[in-house]
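A look at the structure
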Amino acid sequence: GEIRITAYLTDDKTLPVASNYLIDLNDNPFLVFQNLTFIGGPASLFGNNAATAACQNTQIINCTFISMLHGRAINLISNIAAPTNWLIDRCYFLMCKVDDYCIFFDVRQDYIGGGPFDVGIVVRNCVIFANTNTGFSCITWSPSVIGAASGTSVQIYNNTIFGSNTGVSTGNSGQSILPVL
């Protein structure tokens, strides 16, 4: 049967209290999440928010993300000097009245080694319905560090995106990535 992870702790009608994440990866690498339903409250549903984190090799497969309030479905913020290797495959996103991005990647690579590097993020075979407000997109790649040391190679392909705003965007001007749609 369905495995549901929800912010609604009292019942299905009582507004949940604000929390950080339903699932906070807390810098743990090599995790696989499969066949889960995430039902969010007023915060992001799933992610790693530690700016100095090494949250690598995460797979999110055949999951459903539902958020009727604020917050991101998936939020990756990381400061590692290596590929993140995240795979999001065959997932469904229903984001209604969202004042934020649906899927947000900010890999803040202060990479000492020089040139561009492959961050290893793949989003494929997903269906995204996001009623995002003006200024927000369904999928955003927005590294804080741009230029020669910025990460490249976020692959976004074979997805169906319905949104009231932008489908896919890069958050910084001068960005060196062109997503594959």
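Everything below is about the structure shown above.
What comes next concerns the included structure. Every value quoted in this text rests on a predicted model; they were computed, and no experiment measured them.

1. Points about the environment of Thr170
- Within the fold, Thr170 resides in strand β17 (residues 166-170).
- Along the chain, Thr170 and Phe105 lie 65 residues apart, while their C-alpha atoms are 9.6 Å from each other.

2. Quick word on the side chain of Arg72
- Take Arg72: it is sitting in the loop between β7 (64-67) and β8 (74-78).
- A relative accessible area of 15% means that Arg72 is categorised as buried.
- A distance of 2.6 Å separates polar atoms of two side chains, one belonging to Arg72 and the other to Asn75.
- Not counting the four nearest positions on each side in its chain, Arg72 is found in contact with Ser44, Leu45, Phe46, Met95, Asp100, Tyr101, Cys102 and Phe104.

3. What to know about the packing of aromatic side chains
- Using the criterion set out here, one finds six aromatic pairs in the structure.
- Summarising the aromatic geometry, the rings of Phe33 and Phe46 are spaced 4.9 Å apart at their centres and angled 90° between planes, so their arrangement reads as edge-to-face. Note that Phe33 is positioned in strand β3 (residues 32-34) and Phe46 in strand β5 (residues 44-48), a separation of 13 residues in sequence.
- Between Phe65 and Phe93, the ring centres sit 4.9 Å apart and the planes meet at 5°, which makes this aromatic pair stacked. Taken together, the positions of Phe65 in strand β7 and Phe93 in strand β10 (residues 92-98) put the pair 28 residues apart, joining distant regions of the chain.
- Residue Phe65 is classed as buried on the basis of its relative accessible area of 0%.
- Judged by relative accessible area, Phe93 falls into the buried class, the value being 3%.
- Among the aromatic residues, those joined into a ring-pair cluster are Phe33, Phe38, Phe46, Phe65, Trp86 and Phe93.
- A cation over a ring is seen here: Arg72 above Phe104, with NZ or CZ 3.9 Å from the ring centre.

4. Re the nonpolar core
- Counting 33 residues, the largest nonpolar core has Phe46, Phe65, Trp86, Ile88, Phe93, Ile103 and Phe105 as its most contacted members.
- Not counting residues within four places of it along the chain, the set of residues in contact with Phe93 comprises Phe65, Ala73, Ile74, Ile88, Cys102, Ile103, Cys126, Val127, Ile128 and Phe129.

5. Some words on the side chain of Thr37
- Summarising the element assignment, Thr37 is placed in strand β4 (residues 36-39).
- By relative accessible area, Thr37 is classed as buried at 9%.
- In this structure the side chain of Thr37 is engaged in a polar contact, spanning 2.9 Å, whose partner is the side chain of Glu2.
- Other than its neighbours up to four places away in sequence, Thr37 contacts Glu2, Ile3, Arg4, Ile5, Thr64 and Ile66.

6. Comments concerning the pairing of strand β9 (residues 86-89)
- Burial along β9 is two-sided: the residues Trp86 and Ile88 and Leu87 and Asp89 are all buried.
- Two strands pair when backbone bridges link them, and strand β6 (residues 59-61) and β9 are joined in this way by three bridges, in the parallel orientation. Bridging from a neighbouring strand, Gln59 pairs with Leu87 of β9.

7. Things to note about unusual backbone geometry
- For Asn62, which is not a glycine, the phi torsion comes out positive at approximately 55°.
- Its identity is not glycine, yet Asn85 carries a phi of approximately 55°, on the positive side.
- Inspection of the secondary structure puts Asn85 in the loop between β8 and β9.
- Judged by relative accessible area, Asn85 falls into the partly exposed class, the value being 36%.

8. Some thoughts on the pattern of salt bridges
- Per the stated rule, a full pass over the model turns up three salt bridges.
- A salt bridge links Arg4 to Glu2, with the nearest nitrogen and oxygen atoms 3.0 Å apart.
- For Arg4, a relative accessible area of 49% corresponds to the partly exposed category.
- Between Asp89 and Arg90 there is a salt bridge, with the nearest N and O atoms lying 3.1 Å from each other.
- One salt-bridge network, in which partners are shared between bridges, spans Asp89, Arg90 and Arg124.

What counts, and at which threshold
Residues numbered from 1 in each chain as written. Predicted model: local features only at pLDDT ≥ 70, side-chain atom pairs only at ≥ 80, totals over all residues. Heavy atoms only, no water. Helix = DSSP H or I, 4+ residues; strand = E, 2+ residues; numbered from the N terminus. Buried < 20%, exposed > 50% of the residue type's maximum accessible area, 1.4 Å probe, protein only. Polar contact = N/O pair within 3.5 Å; in protein donor to acceptor, adjacent residues only side chain to side chain. Contact = heavy atoms within 4.5 Å. Phe/Tyr/Trp six-rings, centres within 6.5 Å; stacked < 30°, edge-to-face > 60°. Lys NZ or Arg CZ within 6 Å of the ring centre and 35° of its normal. Core = buried A, V, L, I, M, F, W, Y, C linked by side-chain atoms within 4.5 Å. Pairing = 2+ DSSP bridges. Salt bridge = Lys/Arg side-chain N within 4 Å of Asp/Glu carboxyl O.

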